[in-house]
Amino acid sequence: MALIDLPLLMKDAARGKRSAVTCALKCASQCAFGPCNHSDNPTFRDIASSALSRRAVLGGGTGALAIALGGTQGALAAPGNGKGNGNGNGNGGKSGALAPNGSKLRFEAIAPVEYTADDFTVAEGFDWHPIIRWGDPLFDDAPDFDWNAQSAEAQRLQFGYNNDYTEIQEIPGTNGKRAVMFVNHEYTNENIMFPPETDADDAIEIGMAAHGLTVVELERKNKNFPYSYVRGAALNRRIHLDDEFQLTGPAAGSDLLKTVDDPEGRTVLGTLGNCAGGLTPWGTLLSGEENFHGYFRSAATSEAEQRYGFADRATARGWESKHERFDATTEGYENEINRFGYIVEVDPFDPTSTPRKHTSLGRFKHEGANVIVAENGKVVAYSGDDERFDYLYKFVSRDTYVEGDRAHNMTLLENGDLFVAKFTGNSPASEIDGSGELPEDGAFDGSGEWLPLVLDGESAVPGFTLEEVLVHTRLAADAVGPTKMDRCEDVEPSLHSRRVYVACTNNSNRGVGDYAAADEVNPRTENRDGHIVEIDEQGDQTSTAFAWNLLLVAGDPAQGDQTYFSGFPVEQVSPISCPDNLAFDSVGNLWISTDGAPSGIGYNDGLFRVTLGGEARGRVEQFLSVPRDGETCGPIIRDEDRTAFVSVQHPGEDGEWGAQLSYFPDYDGQGPKPTVVQVLPQRG
Ligand code: FEO
Ligand code: CA
Ligand code: CA
């Protein structure tokens, strides 16, 4: 039997420079089928009248009616000119100044690289080293990878496909020589992984085994040498689609989460669409379940299904043909779709631990989640819903962080309150014309409110029970009137300045037809290149009020794009498009990795440093560029050691077997392999 026929399913799906097959596998051709948010997004006045009909749709009981509105406040103050305070341990503390650079990682920005180049390009004086690539054996009994003899059994013991979020922590007591790395495997590119004659059933099982998560130990001679991974190390682990995850929080055990396989509604097999993530202050990893809708067939008759993009059609990978739980039209599995779309927490230091899915952070297409300990000791997690016109969320824990009490801290994401963001601009709407040109006050800026969805542990959305808010979070959010955003990807609080940065990657539908028009926080019609929002909660990370401004409006000034780099001269910046993942270095510079630049400015994706403070605020410098069709993911910056790490996801994904477009990282004439790469200074 031949490999599943992807192009027939999705032949009109492609956008920009991306192929139809890529679109089908990446996000179930979301572009082709349009955004899921058709809500009128009513004002508060409209909520009471809509509550009854919404209850009918969801079949839920009454929820608490308490709604607390945060007050508004002024726009974000001008950035400080002092040095970063360098005390970023995430444990409370006051807002610090923004860093005016000063990093030990010094480099001259590279020129952008044309999107057809199959090169990994780094700044002069640096080398790049693959650490681990798709198919590398993780265990002593794992077979070496063989392009022409793949099997699910082998893949289960090897590094998975499409490495996205990546984090590295030193293993205590190893003198900096040993570390543990955690990696998400977001999705698979079956079109370039297998020979076309691969049996369809085998292709499904191999593809499933290439999803999930990896924990793997690394070692190095010293900090001047690159890491390599350790086959057979004690912490090595693959987490698969048949591994148990424990549901936590108020929705665990809900009728909405029960299936014939799990009548208690508390145990899910596997995780899907794991995109970005975050490191908690207690050393666990968070992983966002993002485009989970593309793995299920569903009747899609309810508002709840439609709002998440489920459809009654064969999926691109066809898993539902072999595993009935992926067909939600099958009796007993109707709720399987409700068991994905959460933030997952994994303890990389305990290979026997059961990963958890935290319902308290809500269910949506989580890009990832990033945690900071608030001034009052509560834990705050920020998370974006990465779909056009969806929302930005914040979770505030019920309990407080206790330094050194890891067992307690590991429970903090299980209970708390959930909020969704509403942005208000301070310039007249008439001055936001969709071009990206600054309004008369010289800034895209204003105030904002975190609107409660869960408050004091109870539903804050009329007509929604607590369980409904946490499982049908998009519908609950629609009811309270948040701002429709241009695809929030990573949302990262700086442990230096305590400001929060939101990567809005792009939104081709902004201001088009009946879709929402440009506003001050999403100021460009047909937003091709994205922008970065900077949020300041002004000394209280649990506050319901904030100030905001746009740090960057991305693009290529040399191509005539209407851009903004916080006033830094546009002719001196590296062109940048489609910001996705964010990271900070030790002195508080922001680093941005991109996904989609080929469709934006026509260059390969890359990693960029942005100075946040001082006269150079807004300066963007490109550090590296990844091979064609590749996305730059999971940046880790260790500027003290003059080294950085990125995951290169889906290199050459627009190719096909026999006509590959990339041979990264080995350039051996076989095909591309997603790979985690370390960059460090050239030696000798
Ligand atoms: Fe998987 Fe939002 O990127
Ligand atoms: Ca303004
Ligand atoms: Ca991403």
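Please read these numbers as outputs of a predicted model, since none were measured by experiment.

Trainee: What is the right way to look at the sheet that holds strand β8 (residues 244-248) in this model?
Mentor: Backbone hydrogen bonds are what pair the strands of a sheet, in a parallel or an antiparallel way. With mixed pairing, the six strands of this open sheet are ordered in space as β9-β8-β13-β12-β11-β10. The two strands at the open ends of the sheet, each matched to only one other strand, are β9 (267-269) and β10 (274-279). Averaged over all neighbouring strand pairs, the angle between strand axes comes to 30°, with direction disregarded. Note that β10 and strand β11 (residues 285-289) share four bridges and pair antiparallel. Of the residues in β11, the one forming a bridge with Gly278 is Leu286.

Trainee: Mind showing me how you'd approach the coordination of the calcium ion (ligand 2) here?
Mentor: Ideal geometry at a metal centre gives angles of 109.5 degrees when four donors are arranged tetrahedrally and 90 or 180 degrees when six donors are arranged octahedrally. Coordination of the calcium ion (ligand 2) by the protein comes from Asn426 (OD1), Ser427 (OG), Asp441 (OD), Asp441 (OD), Ala443 (O), Asp445 (OD) and Glu520 (OE), over a distance range of 2.3 to 2.8 Å. Relative accessible area serves as the criterion here: at 42%, Asp441 is assigned to the partly exposed category.

Trainee: Help me out: how do you make sense of the coordination of the calcium ion (ligand 3) in this one?
Mentor: Those protein atoms acting as donors to the calcium ion (ligand 3) are Cys275 (SG), Glu367 (OE), Glu489 (OE), Asp580 (OD) and Asp580 (OD), and they sit at 2.3 to 3.1 Å. For the calcium ion (ligand 3), the six donor atoms are set out with angles of 48 to 156° between them, so the coordination reads as irregular.

Trainee: How do you make sense of the packing of aromatic side chains when you look at a structure like this?
Mentor: Aromatic rings in a pair are described by how distant their centres are and how their planes are angled relative to each other. In this structure the tally under the stated criterion is 30 aromatic pairs. Measuring from ring centre to ring centre gives 5.4 Å for Phe145 and Trp147, while their planes differ by 80°; the resulting arrangement is edge-to-face. Taken individually, Phe145 and Trp147 each receive the classification buried, so the pair is uniform in this respect. What links up through ring pairs into an aromatic cluster is the set Phe292, Tyr295, Phe296, Tyr308, Phe310, Trp319, Phe326 and Phe340. Over the ring of Phe340 we find Lys357, and its NZ or CZ is 3.8 Å from the ring centre.

Trainee: Would you explain empty space enclosed by the protein in this entry?
Mentor: Picture a little ball the size of a water molecule; that probe, rolled over the atoms, points out where space is still empty. All chains considered together, the criterion is met by four cavities of 30 Å³ or more. In this structure, the largest cavity encloses a volume near 120 Å³. Every residue lining the largest cavity is listed: Lys17, Arg18, Asp595, Gly596, Pro598, Ser599, Asp605, Asp629, Gly630, His650, Glu653 and Asp654. Looking at side-chain class alone, the lining of the largest cavity contains one nonpolar, four polar and seven charged residues. There is about 100 Å³ of room inside the second largest cavity. Forming the boundary of the second largest cavity are twelve residues, of which Ala28, His293, Gly294, Phe296 and Arg313 lie nearest the centre.

Trainee: How should unusual backbone geometry be read in this particular structure?
Mentor: Leaving glycine out, the prevailing phi sign among residues is negative, and the prevailing peptide bond configuration is trans. Cis geometry is adopted by the peptide bond preceding Pro665, which originates at Phe664 and carries an omega value of 0°. Relative to the elements of secondary structure, Pro665 occurs in the loop between β29 (643-649) and β30 (675-681). The phi angle at Ser29 is positive, at roughly 55°, despite the residue not being glycine. Within the element layout of this structure, Ser29 appears in the loop between α2 (20-27) and α3 (30-33). By relative accessible area, Ser29 is classed as buried at 1%. Phi is positive for Asp456, close to 50°, though the residue is something other than glycine. Secondary-structure assignment places Asp456 in the loop between β18 (445-455) and β19 (458-459).

Trainee: What is the right way to read helix α7 (residues 200-209) from this model?
Mentor: Within an α-helix, residues lying three or four positions from one another point in the same direction, as the helix has 3.6 residues per turn. Across the ten residues of α7, seven count as buried, placing the element largely inside the fold. Restricting attention to buried positions, one finds in α7 the residues Ala200, Ala203, Ile204, Ile206, Gly207, Met208 and Ala209. On its buried side, α7 packs onto α5 (152-156), α6 (190-193) and β7 (237-239). Its side-chain oxygen at 2.8 Å from the backbone nitrogen of Asp201, Asp199 defines the N-terminal cap of α7.

Trainee: What is the right way to look at the sheet that holds strand β1 (residues 121-122) in this model?
Mentor: Taken together, five strands build an open sheet; the order of strands is β1-β27-β26-β25-β24 and the sheet is antiparallel. What marks the edges here is a single partner per strand, and that holds for β1 and β24 (579-584). One ladder, built from two bridges, connects β1 with strand β27 (residues 620-625); its direction is antiparallel. Paired with Thr121 across the bridge in β27 is Ser625.

Trainee: Is there a simple way to think about the side chain of Arg388 in this case?
Mentor: Here Arg388 is to be found in the loop between β15 (378-384) and β16 (392-400). Residues contacting Arg388, with those up to four places away along its chain left out, are Gln30, Cys31, Gly34, Pro35, Met485, Arg487, Asn507, Ser508 and Asn509.

Trainee: Which parts of the structure should I look at to understand the pattern of salt bridges?
Mentor: Pairing between side chains of opposite charge can happen when their charged atoms approach one another. The tally for this structure, following the rule as stated, stands at 44 salt bridges. Taking the shortest distance from any N to any O, the salt bridge between Arg220 and Glu170 comes out at 3.8 Å. Of the two residues, Arg220 sits in the loop between β5 (212-219) and β6 (228-229) while Glu170 sits in strand β3 (residues 163-170), which places them 50 residues apart along the sequence. Assessed through its relative accessible area of 10%, Arg220 is described here as buried. It is possible to trace a salt-bridge network through shared partners that takes in Arg307, Lys365, Asp385, Glu387, Asp390, Arg474 and Asp478.

Trainee: Whenever I open this one, the layout of surface pockets confuses me. Can you help?
Mentor: Of the voids in this model, the largest pocket is the one considered here, and its volume is about 1,200 Å³. Lining the largest pocket are 45 residues, and of these Glu167, Leu279, Leu495, Phe584 and Arg638 lie nearest its centre. With seven residues, β3 is the largest single contributor of residues to the lining of the largest pocket.

Conventions used here
Residues numbered from 1 in each chain as written. Chains lettered and ligands numbered in written order. Predicted model: local features only at pLDDT ≥ 70, side-chain atom pairs only at ≥ 80, totals over all residues. Heavy atoms only, no water. Pairing = 2+ DSSP bridges. Helix = DSSP H or I, 4+ residues; strand = E, 2+ residues; numbered from the N terminus. Axes fitted to C-alpha atoms, helices over the stretch in contact; angles between N-to-C directions. Donors = N, O, S within 2.8 Å, 3.2 Å for Na, K, Ca; no water. Buried < 20%, exposed > 50% of the residue type's maximum accessible area, 1.4 Å probe, protein only. Tetrahedral: all angles 85-135°; square planar, octahedral: opposite > 155°, others 65-115°. Phe/Tyr/Trp six-rings, centres within 6.5 Å; stacked < 30°, edge-to-face > 60°. Lys NZ or Arg CZ within 6 Å of the ring centre and 35° of its normal. 1 Å grid on protein atoms, 1.4 Å probe; cavity = no way out; pocket = protein on both sides within 12 Å on 5 of 7 lines; lining within 4 Å. Points joined across faces, edges and corners; volume = space filled by probe spheres on them. Nonpolar A, V, L, I, M, F, W, Y, C, P; charged D, E, K, R; others polar. Contact = heavy atoms within 4.5 Å. Polar contact = N/O pair within 3.5 Å; in protein donor to acceptor, adjacent residues only side chain to side chain. Salt bridge = Lys/Arg side-chain N within 4 Å of Asp/Glu carboxyl O.

Shape is all these values report; function is a separate question.
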